[in-house]
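# Architecture at a glance
One letter stands for each residue in the lines below.
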Number of protein chains: 2
Amino acid sequence: MKCGEMPEPLQLLKGQFMYQTKAFSAATATSPLTSVAIPRRDPKDRDVQIEILFCGICNSDLHAARNEWKDIMPTTYPIVPGHEIVGRVTEVGSAVTKFKPGDLAAVGCMVDSDQSCPNCKAGLENFCPNATFTFNSPDKHGTAPMTYGGYSDSIVVDEHFVLSVPDNLDLAGTAPLLCAGITTYSPMRHHGVTKGNKVGVIGLGGLGHMGVKFAHAFGAHTVVFTTSPKKKEDALRLGADEVVVSTNANEMKSHASTFDFILDTVAVDHDINQYLNLLRLDGNLTIVGVPSKPLALSSFALIIGRRSVSGSNIGGIAETQEMLGFCGQHNITSDVEVIPIQKVNEAYERLAKSDVKYRFSIDMASLKSE
Amino acid sequence: MKCGEMPEPLQLLKGQFMYQTKAFSAATATSPLTSVAIPRRDPKDRDVQIEILFCGICNSDLHAARNEWKDIMPTTYPIVPGHEIVGRVTEVGSAVTKFKPGDLAAVGCMVDSDQSCPNCKAGLENFCPNATFTFNSPDKHGTAPMTYGGYSDSIVVDEHFVLSVPDNLDLAGTAPLLCAGITTYSPMRHHGVTKGNKVGVIGLGGLGHMGVKFAHAFGAHTVVFTTSPKKKEDALRLGADEVVVSTNANEMKSHASTFDFILDTVAVDHDINQYLNLLRLDGNLTIVGVPSKPLALSSFALIIGRRSVSGSNIGGIAETQEMLGFCGQHNITSDVEVIPIQKVNEAYERLAKSDVKYRFSIDMASLKSE
């Protein structure tokens, strides 16, 4: 298919205001993902239609597919996961100004918001109470009951939620920037991480390895905390200046009260207080992993040094675009293992065991053979 | 005794670079406090000697006297507690410029620091790694093994750590400002509490009732959270605009995502996540109570809304002086029950049951009869 051409199946339902495209979907919390056809709306005036080239696999995909966050965000089936989307524009609506067919484009965790609340007006669509997520959100266009994500041939998204992709980046490694990238970039920017700072990154997985790359690129002295001494070499390769094995109490103690900022990417239970004790006066630890149970928080660790613990949740659209520009400038992408969509279920099993360096990226060309 | 005169016992050891003064002291973790004589150094060049008129009873006094914080700050006996000190200057050293005999003066939680570290230079002596606390710190002057606090006739303190007291304030109610006051004032200033903000105060005890007075004086819409509906009337009298019974889930829910700042003064285990959910985007909850066990912290509650939890620990000397000026201007003092020193052990028992509205203040004139 050449740029600007519509793939044949997409034209079937044109004129009926929607078309069908291929996707991989889970029918229940225990079903494997399998090939299905899903509807997409025809591009409206402000819409951009994108042929998806790569889609990253995020831990959220796995949690949602298995309904593991049912208490907070229950899953409606069938679900088509995927919110780390990179592709090429195939068609644009009449009012679209930023994109034209053939352009590289990306979509992250959101495809819509009310665009009128104070958070949206502040460029923080990620905190809009009426945000529409890329998958498993009610589809306000009515094309389907719920939004369907990026494990798919094609997607149609309001121009405001479509990002431009720098030309110089490897596309497979760019896909995870749309979630893992912005999730780690945003809190560092928010807390002013800069040259001369001492920054810690707890955990070296999909999020952590991006945190290391960004902290290094911001010019910070970057320290990786890990429970696995064998990760040391890789952490240094990714940009860390030091690696601390967090089970070594003496090594931890030698860093007491010296960190400006620590990014906590660990999604299972762990002792945050040992890290809080490493923060200097007014230092901050930001949580971006989501352990399913509450963490134990020592009041003393906060009070001594006026320290703080924060949370952070992806980023706004403007900041996501800024992040992609920063990545283009510093040639930052995610370290990925590229897989065909037919291996997605196997990839989920491996992801659940953190067996990937450091993110899976699905080559969506593989979906064409389904 | 008239201003400027030395009380007789104080002159006994003059010329030997120290003198004796009366105090109340605990000999062990389980002993009642009893009358003793303690040494104080003769005022050196930069020192201010103060006749103590009132000393507040802080929960820290109780914890330290009973060695309840032994894992973090073990107590050396005998201990003379008291760090909410108000009195009148009796003598000053030759280099003292800010005070003269007869002046009102106050001393809080610190009597010295290295005055050279970055924190001291930033006016944050409260975070100096070499701070000398008013009691139970090694006495670097060697007058006694440890510093002795304000349950005493007289104290000698470096001018830098002596505060001026506005003339218009009730002195018994001023004493608790030196700890309970600055502990609640400082985090509100640090987080920019101002007119138009919505501010919550969790708990209505010694700290909480000061938090309400300050939040109200800053012009914030002030909401008290309490588990005791019977405290409502008093909370409104102290300056609250609303009182929320925290066990009422519907009432709590109606305040979701609306608070700019919440001050948490509760020193026993409690659910902070129900309060985090009440913070708006970028809202902060600051902990000033010190529960002995870790609190359960929900990552989700922080991530949704980029919220943060901080600690705060008293305040620097300049800010403490600023707070006293603010109190003078707004006529703010602590609500106190004045007791003679002979009732201190009974007061400790009542304090352990939170049976005081809202702080005990010891009239130190009572010590003269010992």
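For every chain, the first residue of the written sequence is number 1, and numbering continues from 1 along that sequence. Whichever chain is written first is A, and whichever ligand is written first is 1; the rest continue in order. Since the coordinates come from a predicted model, pLDDT governs what is reported: local features require at least 70, and pairs of side-chain atoms require 80 or more to be given and counted, while whole-chain, interface and lining totals use all residues. In computing side-chain values, all of the structure's heavy atoms are included and hydrogens and water are not.

## Description of the overall build of chain A
- In this text, helices come from DSSP runs of H or I with a minimum length of four residues, and strands from runs of E with a minimum of two, each type numbered from the N-terminal end. Looking only at helices and strands, one finds twelve helices and 18 strands in chain A.
- In summary, chain A has a C-alpha radius of gyration of 21 Å against a globular reference of 21 Å for 370 residues, a match within 12%.
- C-alpha atoms of chain A, sized along the principal axes, occupy 65 × 40 × 35 Å.
- A simple rule labels every residue: compare its accessible area, found with a 1.4 Å probe on the protein chains alone, to the largest value its type can have, and call it buried under 20%, exposed over 50%, or partly exposed in between. When each of the 370 residues of chain A is scored for burial, the buried share is 61%.
- Across chain A, every contact between residues at least 6 apart in sequence was considered, and the portion connecting residues at least 24 apart equals 67%.
- For the accessible areas, the method is Shrake-Rupley and the probe is 1.4 Å, while residue cover comes only from the protein chains on display. For chain A, the exposed area adds up to about 14,500 Å²; of that, 52% sits on carbon and sulfur atoms.
- Distance between charge centroids for chain A: 4 Å, based on 33 positive and 40 negative side chains. Radius of gyration here uses only the C-alpha atoms, and the compact-globule reference equals 2.2 Å multiplied by the residue count raised to the power 0.38. Throughout, a residue-residue contact means that at least one pair of heavy atoms, one from each residue, lies within 4.5 Å. Under this rule, positive means Lys or Arg and negative means Asp or Glu; His and the chain ends count for nothing. Just so you know, the charge point we use is NZ for Lys, CZ for Arg, CG for Asp and CD for Glu.

## Structural notes on the domain arrangement of chain A
All names here are of chain A.
- For every domain, the bounds stem from an assignment made automatically or drawn from a database. The domains assigned to chain A are domain 1 (8-179 + 315-369) and domain 2 (180-311).
- Between the C-alpha centres of domain 1 and domain 2 there is a distance of 29 Å.
- In this assembly, 20 residues from domain 1 lie in contact with 20 residues from domain 2.
- Accessible-area loss on putting two parts together, using a 1.4 Å probe and summing over both, is the definition of buried area adopted here. Roughly 1,700 Å² is buried in total at the junction of domain 1 and domain 2, and carbon and sulfur atoms are behind 58% of that figure.
- Just to be clear on terms, a salt bridge is a Lys or Arg side-chain nitrogen sitting within 4 Å of an Asp or Glu carboxyl oxygen. With a closest N to O distance of 2.9 Å, Arg 237 and Asp 335 form a salt bridge.
- The biggest single contributor to the side of domain 1 that touches domain 2 is helix α11 (residues 317-330), with seven residues.
- Residue type decides the class: Asp, Glu, Lys and Arg count as charged, Ala, Val, Leu, Ile, Met, Phe, Trp, Tyr, Cys and Pro as nonpolar, and the leftover types, Gly among them, as polar. In terms of residue class, the side of domain 1 that touches domain 2 is made up of nine nonpolar, five polar and six charged.

## Some thoughts on the state of the cysteines
All names here are of chain B.
- Disulfides are defined as cysteine sulfur pairs within 2.5 Å. One pass over the full model with this rule turns up zero disulfides over all chains.
- Cysteine Cys 55 is unpaired, with the sulfur of Cys 58 as its nearest cysteine sulfur at 9.6 Å.
- With a relative accessible area of 0%, Cys 55 lands in the buried category.
- Cysteine Cys 327 shares no disulfide, and the gap to the nearest cysteine sulfur, in Cys 179, comes to 13 Å.
- With a relative accessible area of 0%, Cys 327 lands in the buried category.

## Notes on the relation of the copies chain B and chain A
- Here chain B sits on chain A after a turn of 180° about the axis and a move of 0.0 Å along it, with an RMSD of 0.0 Å. Within this description, the copies of the chain are treated as partners about a two-fold rotation axis.
- Both copies present the same face, since 97% of the interface residues in chain B are matched by interface residues at the equivalent positions in chain A. Residues below a pLDDT of 70 in either copy are left out; the C-alpha atoms of the rest, at least 70 in both, set the least-squares superposition of the copies.

## Concerning helix α12 (residues 344-352) of chain A
Residues and elements named next belong to chain A.
- Among the residues of α12, those classed as buried are Val 344, Ala 347, Tyr 348, Arg 350 and Leu 351. The buried residues of α12 occupy one face: seen down the axis, they fall within an arc of 165°.
- Structurally, α12 contributes buried residues whose contacts are with β1 (18-25), β3 (47-57), α2 (59-65), β17 (336-340) and β18 (359-363). The arc in question is formed by the directions pointing from the helix axis toward the C-beta atoms.

## Brief notes about the interface of chain B and chain A
- In this assembly, 32 residues from chain B lie in contact with 31 residues from chain A.
- Taking both sides of the interface into account, the surface hidden between chain B and chain A amounts to around 2,900 Å²; carbon and sulfur atoms contribute 70%.
- In terms of surface lost to chain A, no three residues of chain B exceed Phe300(B), Ile303(B) and Arg306(B), which account for 25% of the buried area on that side.
- In this structure, the connection of chain B to chain A is made through zero salt bridges.

## Looking at the pairing of β3(A)
All names here are of chain A.
- Of all eleven residues in β3, ten are buried, a share of seventy percent or more.
- Of the strand pairs in this sheet, β3 and strand β8 (residues 154-158) are connected by five bridges, and their pairing is antiparallel. Opposite Gln 49, over in β8, you have Val 156 as the bridge partner.
- Following DSSP output, two strands are said to pair if at least two bridges run between them. Across seven bridges, β3 lies against strand β4 (residues 85-92) in antiparallel orientation. Within the sheet, the bridge partner assigned to Val 48 lies in β4 and is Val 92.

## Details of the side chain of Thr222(A)
Residues and elements named next belong to chain A.
- Mapped onto the elements, Thr 222 comes out in strand β11 (residues 221-226).
- Classification of Thr 222 as buried rests on a relative accessible area of 0%.
- There is a polar contact of 3.4 Å between the side chain of Thr 222 and the backbone nitrogen of His 216.
- Engagement of the side chain of Thr 222 in a polar contact is seen with the backbone oxygen of Ala 220, the distance being 3.0 Å.
- Excluding residues that lie within four positions of it along the chain, Thr 222 makes contacts with Val 199, Val 212, Ala 215, His 216, Gly 239, Ala 240, Asp 241 and Glu 242. By the criterion applied in these results, polar contacts are pairs of N or O atoms within 3.5 Å in which, for protein atoms, one can donate a hydrogen and the other can accept it, and in which residues neighboring in sequence qualify only through two side-chain atoms.

## A look at helix α5 (residues 180-190) of chain A
Residue and element names in this part refer to chain A.
- For α5, the tally of buried residues reaches nine of eleven residues, placing the bulk of the element in the interior.
- Elements in contact with the buried residues of α5: β10 (198-202), α6 (206-217), β13 (259-264), β14 (279-287), α11 and β18.
- Backbone geometry just downstream of α5 places Gly 192 in the positive-phi region, at approximately 70°.

## Digging into the pattern of salt bridges
All names here are of chain B.
- Scanning all chains against the criterion turns up 32 salt bridges over all chains.
- Residues Asp 103 and Lys 100 are paired through a salt bridge, measuring 3.0 Å at the closest nitrogen-oxygen approach.
- On the basis of relative accessible area, Asp 103 is assigned to the buried category, the value being 18%.
- For Lys 100, a relative accessible area of 52% puts it in the exposed group.

## Some points on a nonpolar patch on the surface
Residue and element names in this part refer to chain A.
- Note on patches: the residues involved have over 30% relative accessible area and no salt bridge, like charges join within 9 Å, and the nonpolar side chains Val, Leu, Ile, Met, Phe, Trp and Tyr join within 5 Å. Side chains of Ile 72, Met 73 and Phe 133 sit close together on the surface and give an oily, nonpolar patch of about 250 Å² of accessible area.
- Inspection of the secondary structure puts Phe 133 in strand β7 (residues 132-133).
- Residue Phe 133 is classed as partly exposed on the basis of its relative accessible area of 32%.

## Quick word on the sheet that holds strand β10 (residues 198-202) of chain B
- The strand order β12(A)-β11(A)-β10(A)-β13(A)-β14(A)-β16(A)-β16(B)-β14(B)-β13(B)-β10(B)-β11(B)-β12(B) describes an open sheet built from twelve strands, whose pairing is mixed. On the outer flanks of this sheet lie β12 (242-245) of chain A together with β12 (242-245) of chain B, each paired with one strand and no other. When the angles between neighbouring strand axes are averaged without regard to direction, this sheet yields 20°.
- Two strands pair when backbone bridges link them, and β14(A) and strand β16 (residues 308-311) of chain A are joined in this way by four bridges, in the parallel orientation. Interaxial angle, 0 to 180 degrees, is taken between N-to-C directions of lines fitted to C-alpha atoms, where a helix line uses only the stretch in contact.

## Comments concerning the packing of aromatic side chains
- Each pair of aromatic rings taken from Phe, Tyr and Trp, with Trp reduced to its six-membered ring, is defined by centres within 6.5 Å and is described as stacked if the planes are under 30 degrees apart, edge-to-face if over 60, and tilted in the remaining cases. Going through the model one piece at a time under the given rule, you end up with 18 aromatic pairs over all chains.
- With a centroid separation of 5.2 Å and 70° between ring planes, the pair formed by Tyr185(B) and Phe214(B) is classed as edge-to-face. Taken together, the residues Tyr185(B) in helix α4 (residues 180-190) and Phe214(B) in helix α5 (residues 206-217) connect sequence positions 29 residues apart. The residues Tyr185(B) and Phe214(B) share a single accessibility class, namely buried.
- Grouped by ring-pair contacts, the aromatic residues Tyr185(A), Phe214(A), Phe218(A) and Phe326(A) constitute a single cluster.
- Both a distance and an angle decide whether a charge sits over a ring: NZ of Lys or CZ of Arg must be within 6 Å of the ring centre and within 35 degrees of the ring normal. Across from the ring centre of Phe259(A), 4.6 Å away, lies the NZ or CZ of Lys198(A), which sits over that ring.

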